[in-house]
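# Residue-level structure breakdown
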Amino acid sequence: MIPVRQILTPDDLTRFLESPACAELLDFINSLNDAIIGVKTSENIEDSTVVRKLLTLLENIRQTNKDIAPVDTKSRFGNPAFRDFYDKCEAQLPIWLADIVPSDNIEEVSKYAQECFGNRRRIDYGTGHELNFLAFLLCLYKLEVVRREDFRALVIHVFFRYIEIMRGLQLSYWLEPAGSQGVWGLDDFHFLPFLFGAGQLRTHKHLRPKSIHSEEILEEFSKDYMYFESVRFVNSIKTGSIRWHSPMIDDISGAKSWEKVNIGMFKMFRAEVIGKLPIMQHFMFGSLISFKGNSESEEAAHDGAPCEHDCGDHGHVYAFGQEFPDCCGIKVPSAAAAAAAEAQTDDGSLAKPRKVFARPIPFD
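These remarks concern the structure in this document.

## Some remarks on the overall build of the chain
- For the chain, the count of helices and strands is 16 helices and 4 strands.
- A burial count over the chain gives 56% of its 364 residues as buried.
- In the chain, the proportion of contacts linking residues at least 24 apart, taken out of those at least 6 apart, comes to 77%.
- Working note: accessible area of the chain is about 15,700 Å², and carbon and sulfur atoms make up 49% of it.

As structure tokens, then:
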């Protein structure tokens, strides 16, 4: 069964937020978070056979990024070579998943895996695409391919490796932030690395949320804690002080403990990601993650009116959870594009983030 969109109207979203599917998704994320409380990224964790297979899958994706170099373009918007990368992954994913997923479920599961790279047409990426990777892992859990004892390695090794690969895609193909608000001030692209990263630090006796303002601490502990690595990455591609370019991260640093940050992040994820129509209107449901909306068609969500923003094949509904027709947001150039323009590798790909010096760009 190929997953399809079911959340097309505010009423659909309201029903979803009260559904077993929503509870199941949030419970899964909470369980992953609980599994890595107090665990360092650099900690020696034994990988099961399926975790090793998932890491091989991610390595295939990383190699595809390396094989398909960005085309020469003067634009700071998305590089069209991303579409070639996307198409190759789409063709190969059923093959790569053949020894991981039962054959009857490959078509359904591979759809979530495909959607976690970004949008092919718009060449953008956001928290909705990140959510699809969690949906992919949830499908594997529901199929009993991965088990609860794998959760620690799923976050520390698999999910964090996925984030590294997405950083590489963002820097090499200059993916645009999906929508004009990014992640409401946390990061232009991601949310969950901050949530899980705060979980890692939750029991730390000495490091505090305000520690993000110390470059020495970020440099020393970014290899151990994803929260510090995420802040370090943001600093590497943005100009000026974190108080200026990421005020929400700065505000959160005033919290008294990592426990408050972690709990607050989970509440914020539910409100600002799961609870936002512009994100969830793209999320798909099938037999493994099941939900049925009330809308009979995508046209019904627009009351039969044509979209004025050249929505094309993605059929947005509402912008920022409000009213039609502002469905597509505003095209925003990538801060990573400005940074990568100054420090790009020979093949155009950066598998791991590194310190680069960015030119100021609009909205940065």
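## Examining unusual backbone geometry
- Look at I123: it is not a glycine, yet its phi comes out positive at around 55 degrees.
- Along the chain, I123 falls in the loop between α5 (106–115) and β2 (124–125).
- With a relative accessible area of 3%, I123 lands in the buried category.
- With a phi angle near 65 degrees, E144 is a residue other than glycine that sits in the positive phi range.
- As for its placement among the helices and strands, E144 is situated in the loop between α6 (127–142) and α7 (151–172).

## A short note on α6
- Taking 1.5 Å of rise per residue, the 16 residues of α6 would be expected to cover 22 Å, and the 22 Å separating its terminal C-alpha atoms lies within 8% of that figure.
- Burial analysis of α6 places 14 of its 16 residues in the buried class, the great majority of the element.
- Downstream of α6 by one or two residues, E144 has phi in the positive range, about 65 degrees.

## Examining the pattern of salt bridges
- Inspection of every chain in the model, using the stated rule, returns 14 salt bridges.
- Across the pair E164 and R161 runs a salt bridge whose closest N-O atoms are separated by 2.8 Å. Here E164 pairs with R161, and both are found in helix α7, just 3 residues apart, close to one helical turn.
- When its relative accessible area of 26% is taken as the criterion, E164 is described as partly exposed.
- Notably, a salt bridge pairs R243 with D250, separated by 3.8 Å at the nearest N-O pair.
- In this structure R243 comes out as exposed when scored by relative accessible area, which is 52%.
- Residue class for D250 comes out buried when judged on its relative accessible area of 17%.
- Bridged by salt links that share partners, the residues E59, R62, R161 and E164 form one connected network.

So, how was this worked out
Residues numbered from 1 in each chain as written. Predicted model: local features only at pLDDT ≥ 70, side-chain atom pairs only at ≥ 80, totals over all residues. Heavy atoms only, no water. Helix = DSSP H or I, 4+ residues; strand = E, 2+ residues; numbered from the N terminus. Buried < 20%, exposed > 50% of the residue type's maximum accessible area, 1.4 Å probe, protein only. Contact = heavy atoms within 4.5 Å. Areas by Shrake-Rupley, 256 points an atom, 1.4 Å probe, with all protein chains shown as cover. Expected span 1.5 Å × (residues − 1). Salt bridge = Lys/Arg side-chain N within 4 Å of Asp/Glu carboxyl O.

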